[in-house]
Amino acid sequence: MVRELGVAVVGFGWMGRVHTQAYARVLHHFPELTLRPELITVADEVPGRAEEAAARYGFATAVRDWREIAADPRVEAVSITAPNFLHREIGVAMATAGKHIWIEKPVGLTADDARAVSDAVAEGGVRGTVGFNYRGAPAMVAARELIASGDIGEVTHVRIRLFSDYAAHPEGALTWRYERERGGSGVLGDLASHGVDLARFLLGEIEALAADTAVFVPLRARPDGATAGHTRAAGGEPAPVENEDYVNCLLRFVSGARGVLEACRVSVGEQNSYGFEIHGTKGAVFWDFRRMGELGVSRGTTYQDQPVSTVYVGPGAGDYAAFQPGAANGMGYDDLKVIEAHTFLRSIADNRPYGATLADAVRSATALDAMAHSAASGTWVTLESWASS
């Protein structure tokens, strides 16, 4: 029997829209769900934005202040898609009010922020899902199973890249993303957080790391008014960029594998160039987000000159069958958020965790804090000792 679950969305920029559309689609792809999301309230402080969202998507109520949602008994679950600096306050408040939360990464500005939200979720007896969407790609699930099976032998080394050009234009507006107090560690929280999660999802825990960071576009113009997305602000008052454009990090895994994680938001010529190359003693596996349904796989006993085959994932890989009937049919970014919505609603229905949890967010944020410390100190950081310090 299906029951309705009142949901709300806090922050209606692009990600708020993606969450809302995922709620609308989730039962189409996962009809076995026992919860039907009902759009109760949308909150956004920008004048008119919440009202526009309500009119377009059918929310029953539109408000400016997210605190009204925390106090609304009709709302049982909340998507938190507001800027990073608001994650802790909103996440703790919603969990304390007894509402399940689907919150975007990196869950605040620091590991302390992520831990506060995680603790509130545990104390509130609610469920929490985190927006590490790339781990839900069917090819990613297939790659994890391939690695675990031993088909490529013992993993020796990995390279994970997250390159984008969304901040490459020198006229890009100085929004909250570029301020330390509101945007935290810049590209670390924005992109490298995904890289840490993928590293852990595929290869297990990270033991130690050493990082270097840089700012390549040091000045940006302040915008005149409210902004959405990555807008330009030519002619505005210039001010310094306070957080990182780029990070390069060496990784040592508990398994003994080595890795390189590199992320940049100002990579001219790169648009969402996210992927990995994982090498083992008998083979390798490769993935590029822009060809999301493909894996490059090398396996066998040839070793030298061993070929790489292209494998098209299909039904049987992760949640692929919920979207397409046969291999090589394309899926997109929004489909990954539908998968995420499914794990969120399923965790509520079954009262058990599925997908990325707040514990995963804490571990990712701990690694990001360690990267920042390593870059500033020029030293290796052991994560276990760093997390307990």
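A brief look at the structure comes next. Per-chain numbering applies: the sequence of each chain, read as written, is numbered from 1 onward. Reporting in this predicted model follows two pLDDT cut-offs: at least 70 for local features of residues, and 80 or more for side-chain atom pairs to be given and counted; totals over whole chains, interfaces and linings ignore these cut-offs and use all residues. As a rule here, side-chain values come from all non-hydrogen atoms in the structure, and water together with hydrogens is ignored.

**Concerning helix 2 (residues 49-57)**
All of the buried residues along helix 2 are Arg 49, Ala 50, Ala 53, Ala 54 and Tyr 57. Looking down the long axis of helix 2, one finds its buried residues gathered within 135° of arc, a one-sided arrangement. Away from the buried face of helix 2 by more than 90 degrees, exposed residues Glu 52, Ala 55 and Arg 56 are located. Where helix 2 is buried, its residues touch helix 1 (14-29), strand 2 (35-43) and strand 3 (61-63). Buried, partly exposed and exposed residues are distinguished by accessible area as a fraction of the type maximum, computed with a 1.4 Å probe on protein chains only: under 20%, between the cut-offs, and over 50%, respectively. Where helices and strands are cited, they refer to DSSP runs of H or I of at least four residues and of E of at least two residues respectively, numbered from the N terminus. Here the arc refers to the set of directions running from the helix axis out to each C-beta atom. Residue contacts are counted whenever heavy atoms from the two residues lie within 4.5 Å of one another.

**With respect to the sheet that holds strand 14 (residues 284-288)**
Strand order in the open sheet formed by 9 strands is 16-15-14-13-7-12-11-8-17, with mixed pairing between adjacent strands. Each edge of the sheet is formed by a strand with only one pairing partner; in this case those strands are strand 16 (309-312) and strand 17 (381-382). Strand pairing is assigned whenever DSSP detects at least two bridges linking the two strands. As paired strands, strand 11 (residues 246-253) and strand 12 (residues 258-264) are joined by 7 bridges and run antiparallel to one another. Across the sheet, residue Leu 251 finds its bridge partner in strand 12, namely Gly 259. Angular values range over 0 to 180 degrees, each being the angle between N-to-C directions of two axes fitted as lines to C-alpha atoms, with helices fitted over their stretch in contact. Contacting strand 7 (155-163), strand 8 (206-214), strand 11, strand 12 and strand 13 (273-280), helix 8 (residues 187-203) crosses the sheet at an angle of about 155° to strand 12. Taken strand by strand, helix 10 (residues 358-377) contacts strand 8, strand 11, strand 12 and strand 17, and its axis lies near 55° from that of strand 8.

**A word on helix 5 (residues 111-124)**
One fewer than the residue count of a helix, multiplied by 1.5 Å, yields its expected span. Under the 1.5 Å per step criterion, the end-to-end length of helix 5 is 20 Å for 14 residues, consistent within 8% with the ideal 20 Å. What helix 5 keeps buried is the set Ala 111, Asp 113, Ala 114, Ala 116, Val 117, Ser 118, Ala 120 and Val 121. In the core, the buried residues of helix 5 are packed alongside helix 4 (87-96), strand 5 (100-103), strand 6 (128-130) and helix 10. Polar contact is the term for a pair of N or O atoms within 3.5 Å; when the atoms are in protein, one must be able to donate a hydrogen and the other to accept it, and sequence-neighboring residues count only if both atoms are side-chain atoms. Its side-chain oxygen 3.3 Å from the backbone nitrogen of Asp 112, Thr 110 forms the N-cap of helix 5. Backbone geometry just downstream of helix 5 places Gly 125 in the positive-phi region, at approximately 65°.

**What to know about the sheet that holds strand 6**
Spatial strand order, 3-2-1-4-5-6: 6 strands in an open sheet with parallel pairing. A single partner strand is all that each edge strand has here, and the edge strands are strand 3 and strand 6. Shown here is a sheet whose adjacent strand axes are inclined to one another by a mean of 25°, direction ignored. With 3 bridges connecting them, strand 2 and strand 3 associate as parallel partners. Bridge pairing in strand 3 links Val 42 to Ala 62.

**Notes on the pattern of salt bridges**
In the sections that follow, a salt bridge refers to a side-chain nitrogen of Lys or Arg positioned within 4 Å of a carboxyl oxygen of Asp or Glu. Per the counting criterion, the structure on display carries 29 salt bridges. With a shortest N-O distance of 3.1 Å, Asp 112 and Arg 115 are connected by a salt bridge. On the criterion of helical spacing, the pair formed by Asp 112 and Arg 115 is a turn pair, its members being 3 residues apart in helix 5. Relative accessible area serves as the criterion here: at 28%, Arg 115 is assigned to the partly exposed category.

**Some details on the environment of Ala 322**
Inspection of the secondary structure assignment puts Ala 322 in the loop between strand 16 and helix 9 (333-350). Residues Ala 322 and Pro 31, 291 residues apart in the sequence, show an inter-C-alpha distance of 9.4 Å. Apart from residues no more than four positions distant in its own chain, Ala 322 is found in contact with His 29 and Phe 30.

**What to know about the layout of surface pockets**
Both site types are read off a 1 Å grid over the protein atoms alone. A 1.4 Å probe that fits but cannot get out defines a cavity, while an open set with protein on both sides within 12 Å along at least five of seven lines defines a pocket; lining residues have an atom within 4 Å of a point. Grid points are joined across faces, edges and corners, and a volume is the space filled by probe spheres set on the points. Estimated volume of the second largest pocket: approximately 370 Å³. Along its surface, the second largest pocket is lined by 19 residues, and Gly 136, Asp 319, Ile 339, Thr 343 and Gly 355 are the ones closest to its centre. Elements supplying a minimum of two residues to the lining of the second largest pocket: strand 6 and helix 9. In terms of residue count, helix 9 provides more of the lining of the second largest pocket than any other element does, 6 residues in total. Broken down by class, the residue content of the lining of the second largest pocket amounts to 8 nonpolar, 7 polar and 4 charged. Basically, the charged four are Asp, Glu, Lys and Arg, the nonpolar ten are Ala, Val, Leu, Ile, Met, Phe, Trp, Tyr, Cys and Pro, and anything else, Gly included, counts as polar.

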